[in-house]
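What follows is the residue order along each chain.
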Amino acid sequence: MSVRELTSAPSLATLYPKALLRRGRGSTLPETELVRPSVTVSPAHVAAYAEVCGFRYSDVLPATYPHMLVFGLQMALMTEPGFPFPLLGLVHVANSITSRRPLSLGETFSTRVRAENLRPHEKGRQFDMVSELWAGTELVWSEVSTYLRRSGSSGSSRPRASLVPPTPTALWTVPGDIGRRYAEVSGDRNPIHLHPLTARLFGFTRAIAHGMWTKAHALAAFEGRLPDAYTVDVRFKQPVLLPARAAFTAWPTDEGWAFELWQARKPKPHLDGVISAL
């Protein structure tokens, strides 16, 4: 695998128009790892992120915050000429983050991003975007984002189980502008999150919340109860159509915590997740 070093963050304002135009090319993932050797954190940006996602502001970064530091590299890699799939239309189906120790505002990191593990899925093909934060020679944080590229029918018609939502421990009122607010902080201005009109171009009746916002907002519910080192795994299911009322449920496990998010009025799950101590 070749390594390409970037001295500055990719311009998301340039990459999104590029993503709108490209259709994907090739049949294999690029053998390239993008690297930024020196990345520092803006306290003002962390504060804005904490406000949008529901975290308390402190000098310790939320475990989901480093996604902000690697998202531009992910975008840059997925808009390369040889990337096999168009960025718009990919479905974020799962996300796993491992925080190996608390990360502080004053640290300098290097970031690394690569794509790997292209494999079949019953509804098409899926692959992983692997991102890492290093402090010197220490791997301190990593993320695996799994994306699905749909292609035709799944070839199966398994009946859906009858779901009964659990009794919620909290009810979320998700405002209609949360997609635009999170986009301002994250730079993720995918049209499906911004406005009902642009979301309809991609088959949604209304704008939908970012999956990484729902994960972050769920993780914020556990502040003060998390170990110093842990993994938080999430599977994204039905999108959160904005505005929304959602039912959040959490319960302790032997390893840590489990949680789910459902539509408040219907037995349709938005996500489920687990938090496991390392």
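It should be emphasised that the depicted structure is a prediction, and the values quoted were computed from it without experimental measurement.

**Q** Could you clarify how one ought to interpret the side chain of Asn-95 in this entry?
**A** Relative to the helices and strands, Asn-95 resides in strand β3 (residues 91–99). Here Ser-145 takes part through its side chain, which lies 2.9 Å from a polar atom of the side chain of Asn-95. Not counting residues up to four positions away in its chain, the partners in contact with Asn-95 are Glu-143, Val-144, Ser-145, Met-212, Lys-215, Val-232, Asp-233, Val-234 and Phe-236.

**Q** Can you walk me through the environment of Pro-165 in this structure?
**A** Looking at the secondary structure, you find Pro-165 in the loop between β6 (138–150) and β7 (170–174). Sequence separation between Pro-165 and Arg-265 is 100 residues, and the spatial gap between their C-alpha atoms is 9.2 Å. Contact partners of Pro-165, with chain neighbours within four places excluded, come to Trp-262 and Pro-267.

**Q** Can you walk me through the nonpolar core in this structure?
**A** For soluble globular proteins, the rule of thumb is that nonpolar side chains tend to be buried together. Ranked by size, the top nonpolar core spans 73 residues in total, and within it Tyr-49, Phe-127, Trp-213 and Phe-259 carry the most contacts. Here this core takes nine residues from helix α3 (residues 66–78), the largest share from any one element. In this structure, Tyr-49 is in contact with Phe-55, Pro-62, Thr-64, Tyr-65, Met-68, Tyr-182, Val-185 and Ala-216, ignoring residues within four places of it in sequence.

**Q** Would you mind going over the packing of aromatic side chains with me for this structure?
**A** Two aromatic rings, taken as a pair, are described by how far apart their centres are and by the angle between their planes. According to the stated counting rule, one finds 12 aromatic pairs in the structure shown. Seen from their ring centres, Trp-172 and Phe-248 are 5.5 Å apart, and the 20° between their planes marks the pair as stacked. Of the two residues, Trp-172 is situated in strand β7 and Phe-248 in strand β9 (residues 244–252); the sequence distance between them amounts to 76 residues. Its relative accessible area of 8% is what places Trp-172 among the buried residues. Here Phe-222 and Trp-257 contribute two aromatic rings whose centre-to-centre distance is 5.3 Å and whose plane-to-plane angle is 55°, an arrangement assigned as tilted. Pair noted here: Phe-222 is in the loop between α6 (211–220) and β8 (230–236) and Trp-257 is in strand β10 (residues 256–263), with a separation of 35 residues, a long-range link. For Phe-222, a relative accessible area of 0% gives the class buried. Grouping aromatic residues by their ring pairs yields a cluster made of Trp-172, Trp-213, Phe-222, Phe-248, Trp-257 and Phe-259.

How each quantity is defined
Residues numbered from 1 in each chain as written. Predicted model: local features only at pLDDT ≥ 70, side-chain atom pairs only at ≥ 80, totals over all residues. Heavy atoms only, no water. Helix = DSSP H or I, 4+ residues; strand = E, 2+ residues; numbered from the N terminus. Polar contact = N/O pair within 3.5 Å; in protein donor to acceptor, adjacent residues only side chain to side chain. Contact = heavy atoms within 4.5 Å. Core = buried A, V, L, I, M, F, W, Y, C linked by side-chain atoms within 4.5 Å. Buried < 20%, exposed > 50% of the residue type's maximum accessible area, 1.4 Å probe, protein only. Phe/Tyr/Trp six-rings, centres within 6.5 Å; stacked < 30°, edge-to-face > 60°.

The values are spatial; any link to function lies outside them.
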